[in-house]
Amino acid sequence: VVSTQSTGSSGINAEYGGGARRGEVTYTFDGEILTLTLGEGGTSIRWNGFNGVQIITPPNRRTCGLCGNNNMKQDDEFLSRWVGRVKETYTFISSWQLPQNRECYNNEVEVTVTQEAKEKCSELFFNPYMLKCQDKLPVEKYEIACGRAVTTSTYEGWRAECNVLQSYVLECETQGLNLRRWREETKLRNS
């Protein structure tokens with residue numbers, strides 16, 4: 001059960017759930033990221049308006065499924081819905097999909113990243129402004145994803161590297177860093 005109440009042009013408040021799980025839903029929009037917050041000090045959902053979503057839960061909030069169990073132990077993650085712990089990302093994600101007549105698309109195809117893509121992504125992730133996050137969040141997986149995205153992108157006017165870097169920035173911000181000027185500092189302002 002969700003009931004909403006307009007609070008003017010800047011947001012809405014909504015009540016959700018029933019019984020002991022009632023709470024207020026609020027949102028903020030900073031011009032780039034829409035953040036929904038469930039209850040005071042509760043779970044937040046951050047969305048970049050395109051392809052990046054983050055779900056942030058308090059350390060004491062129990063979770064399951066794609067979110068893991070939130071116990072701060074990485075050695076017991078990747079628990080599939082049906083067969084226990086798995087090693088492959090695709091197997092883990094697919095086990096939690098909603099029942100359908102078809103499988104999720106397996107995007108683990110072999111991609112040979114071009115030298116141009118490697119250089120473009122390296123320039124972004126090793127930009128002096130971005131370096132302040134690398135002590136808290138290693139960049140290697142993001143740099144690989146960036147190279148794959150740039151190499152395989154076929155959309156005109158869309159810069160694939162921008163979306164991967166934005167995902168990295170969102171994760172850095174959950175580590176307490178302020179990287180609000182990442183677009184200006186990396187010269188991705190018009191992306």
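In this text the structure is predicted, and so the values were computed from the model without any measurement.

Topic: the pattern of salt bridges
Move 1: Summed over all chains, the structure comprises 2 salt bridges.
Move 2: The partner of glutamate 173 in a salt bridge is arginine 46, and the shortest N-O contact between them spans 2.7 Å. Of this pair, glutamate 173 sits in helix α4 (residues 160-174) while arginine 46 sits in strand β5 (residues 44-47); the two residues are 127 residues apart in sequence, bridging distant segments of the chain. The same class applies to glutamate 173 as to arginine 46, namely buried.
Move 3: Note that arginine 181 and glutamate 185 form a salt bridge whose closest N and O atoms lie 3.3 Å from each other.
Move 4: Assessed through its relative accessible area of 45%, arginine 181 is described here as partly exposed.

Structural notes on unusual backbone geometry
Move 1: In this structure, phenylalanine 78 is a non-glycine residue whose phi angle is positive, near 60°.
Move 2: For phenylalanine 78, the location among the structural elements is in the loop between β6 (53-56) and β7 (79-80).

A short note on α4
Move 1: If you check α4, its first and last C-alpha atoms are 22 Å apart, about what 15 residues at 1.5 Å a residue would give, namely 21 Å.
Move 2: For α4, a buried count of 12 out of 15 residues is recorded, marking the element as mostly surrounded by other parts of the structure.
Move 3: Buried residues belonging to α4 abut β5, β6, α2 (115-125), α3 (140-152) and α5 (182-185).
Move 4: Of the residues flanking the end of α4, it is glycine 176, one or two places downstream, whose phi is positive at about 95°.

A few points about the nonpolar core
For soluble globular proteins, the rule of thumb is that nonpolar side chains tend to be buried together.
Move 1: Met130, Leu165, Tyr168 and Trp182 are the most contacted members of the largest nonpolar core, which totals 23 residues.
Move 2: The set of elements that each furnish at least two residues to this core consists of α2, α3 and α4.
Move 3: No other element matches the 7 residues that α4 contributes to this core.
Move 4: Ignoring sequence-local partners within four residues, the contact set of tyrosine 168 consists of Phe125, Met130, Cys133, Gln134, Leu137, Pro138, Val139 and Tyr142.

As for the state of the cysteines
Move 1: A full pass over the atoms with the stated rule returns 2 disulfides.
Move 2: Between the sulfur atoms of cysteine 121 and its disulfide partner cysteine 146 the distance amounts to 2.0 Å. Here the S-S torsion is close to -80°, and the disulfide linking cysteine 121 with cysteine 146 is therefore left-handed. One end of the pair, cysteine 121, is in helix α2; the other, cysteine 146, is in helix α3, with 25 residues separating them in the sequence. In this structure, cysteine 121 and cysteine 146 share a single accessibility class: buried.
Move 3: In this model, cysteine 133 is linked to cysteine 172 through a disulfide, with the two sulfur atoms separated by 1.9 Å. Taking the torsion about the sulfur-sulfur bond, which here is approximately -100°, the covalent link between cysteine 133 and cysteine 172 counts as left-handed.

Rules used in this analysis
Position numbers for residues start from 1 in each chain and track the written sequence from start to end. Local features are withheld for residues below a pLDDT of 70 in this predicted model, meaning they are given only at 70 or higher, and side-chain atom pairs are given and counted only at 80 or more; totals for whole chains, interfaces and linings count all residues. The basis for the side-chain values is all heavy atoms of the structure; hydrogens and waters are excluded. Only one rule defines a salt bridge in this text: a Lys or Arg side-chain nitrogen within 4 Å of an Asp or Glu carboxyl oxygen. Strands here mean DSSP runs of E at least two residues long; helices mean DSSP runs of H or I at least four residues long; both are numbered from the N terminus. For every residue, the accessible area (1.4 Å probe, protein chains only) is compared with the maximum for its type, and the residue is labelled buried under 20%, exposed over 50%, or partly exposed between those bounds. Given the number of residues in a helix, its expected span is that number minus one, multiplied by 1.5 Å. Should any heavy atoms of two residues lie within 4.5 Å, those residues are considered in contact. The set of buried Ala, Val, Leu, Ile, Met, Phe, Trp, Tyr and Cys residues whose side-chain atoms join them within 4.5 Å is what this entry labels a nonpolar core. Here, two cysteine sulfur atoms that lie within 2.5 Å of each other are counted as a disulfide.

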